[in-house]
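Residue-level listing of the chains:
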Amino acid sequence: CGLQGRSRLLECCRQVFYKIPNPTVYSWNAVTQAHAKLGEEDTAISFYRLMHEKGLETDRCTYCCVLQACRHTFHRHHWGVLIHGQIAIVGMESDLRVASAIVDMYAKNGMLEKAQEVLDQLATKDVVSWSALISGFAQHGQGDEALSCFARMQNEGVSPNAITLACTLKACGKVASISKGKQVHVEIVSMGFLEKDIVLGTALVDMYANCGSLMNAQTVFDGLAIPNVVAWSAIISGYAQ
């Protein structure tokens, strides 16, 4: 929905929440997550702050919801740092889901050394936490670091998912590593992702175009069932370059 539609939805959400006599942690989490997901991150953080000031119970979902609100916009990163400290105090820093959200928050804000530090301290790492860091490196133009992280993940026996592969392809395009891009392409085909994931198909077109391999880019593009505007833009941009 558009901006006005989102605003109306969130207004309704708040009105319902305020009518609850004694909202549980699930209600607090729901209203916080709704605002974080629909673009009112400052309001989401305000709900978390109110919970904290009231001394209310928090759980892993609470932290994941508010950390989501601390991503993408750098001026909010100080809240993410503060919330990370509060998570450490309550002993939830080792929770894999929460830790992945912390890694993602730092990575999205460009605090990649901190994101790497949090990941390295985890006894067990899953594809979500690895993907968060790889995505951060790729997003902030550090392609070589993203590829190194992808290699480490595989060496530790963690299989990539579609998000991991898309981020890795973006990194390949950034550093023009067509050899690594082709390896990832083989993995995508072998895992059966290409036929059912337009995002990965588009990422492949973009990677090959950025590497100057227009024949491969065109071949992948021609194999897409319904090319979207991103795929069209990638192939056009490749030929223009």
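**Student:** Outline the overall build of the protein chain, listing residues and values.
**Tutor:** A count of helical and extended segments in the protein chain gives 14 helices and zero strands. In the protein chain, the succession of α and β elements from N to C terminus is α-α-α-α-α-α-α-α-α-α-α-α-α-α. Seen through its principal axes, the protein chain has C-alpha atoms that stretch 65 × 40 × 30 Å. Sorting the 241 residues of the protein chain into buried and exposed places 47% on the buried side.

**Student:** Let's hear about the packing of helix H3 (residues 41-54) against helix H4 (residues 60-69): which residues, and what values?
**Tutor:** One way to put it is that H3 packs onto H4 with a least axis distance of 8 Å and a crossing angle of 145°. Seen from above, H3 lies across H4 with left-handed handedness. Contacts between H3 and H4 pair Glu 41, Ala 44, Ile 45, Tyr 48 and Met 51 from the former with Thr 62, Tyr 63, Val 66 and Ala 69 from the latter.

**Student:** Residue-level account of helix H12 (residues 198-210), with values.
**Tutor:** Helix length check: H12 (13 residues) gives 18 Å between terminal C-alpha atoms against 18 Å at 1.5 Å per residue, within 8%. Among all positions in H12, only Leu 200, Gly 201, Thr 202, Ala 203, Leu 204, Val 205, Met 207, Tyr 208 and Ala 209 are buried. The backbone nitrogen of Val 199 has a side-chain oxygen 3.0 Å away, supplied by the residue at the start of H12, namely Asp 197. At the C-terminal side of H12, Gly 212 shows a positive phi close to 80°.

**Student:** Help me get a handle on the layout of surface pockets, residues and values and all.
**Tutor:** Here the largest pocket is characterised by a volume of approximately 420 Å³. What lines the largest pocket is a set of 18 residues, and nearest its centre among them are Arg 71, Ser 100, Ala 101, Asp 104 and Val 128. Only H4, helix H6 (96-108) and helix H8 (127-139) provide two or more residues apiece to the lining of the largest pocket. The class makeup of the residues in the lining of the largest pocket is eight nonpolar, six polar and four charged. When its volume is computed, the second largest pocket comes out at roughly 170 Å³. In terms of lining residues, the second largest pocket is bounded by Leu 194, Glu 195, Asp 197, Ile 198, Val 220, Gly 223, Leu 224, Ala 225 and Ile 226. Looking at side-chain class alone, the lining of the second largest pocket contains six nonpolar, one polar and two charged residues.

**Student:** Account for the packing of aromatic side chains, with residues named and values stated.
**Tutor:** Enumeration according to the criterion identifies seven aromatic pairs in this entry. Ring centres of Phe 17 and Phe 47 lie 5.6 Å apart, and the angle between their planes is 85°; this geometry places the pair in the edge-to-face category. Of this pair, Phe 17 sits in helix H1 (residues 3-18) while Phe 47 sits in helix H3, and the two are 30 residues apart along the sequence. Note on Trp 28 and Phe 47: the rings are 6.3 Å apart at their centroids and 70° apart in plane angle, and the pair reads as edge-to-face. Linking Trp 28 in helix H2 (residues 25-37) with Phe 47 in helix H3, this pair joins segments that are 19 residues apart in sequence. Both residues of the pair, Trp 28 and Phe 47, belong to the buried class. Feature note: the residues Phe 17, Tyr 18, Trp 28 and Phe 47 constitute an aromatic cluster, connected by ring pairs.

Cut-offs applied
- Residues numbered from 1 in each chain as written.
- Predicted model: local features only at pLDDT ≥ 70, side-chain atom pairs only at ≥ 80, totals over all residues.
- Heavy atoms only, no water.
- Helix = DSSP H or I, 4+ residues; strand = E, 2+ residues; numbered from the N terminus.
- Buried < 20%, exposed > 50% of the residue type's maximum accessible area, 1.4 Å probe, protein only.
- Axes fitted to C-alpha atoms, helices over the stretch in contact; angles between N-to-C directions.
- Left-handed = near helix turned anticlockwise from the far one by under 90°.
- Contact = heavy atoms within 4.5 Å.
- Expected span 1.5 Å × (residues − 1).
- Polar contact = N/O pair within 3.5 Å; in protein donor to acceptor, adjacent residues only side chain to side chain.
- 1 Å grid on protein atoms, 1.4 Å probe; cavity = no way out; pocket = protein on both sides within 12 Å on 5 of 7 lines; lining within 4 Å.
- Points joined across faces, edges and corners; volume = space filled by probe spheres on them.
- Nonpolar A, V, L, I, M, F, W, Y, C, P; charged D, E, K, R; others polar.
- Phe/Tyr/Trp six-rings, centres within 6.5 Å; stacked < 30°, edge-to-face > 60°.

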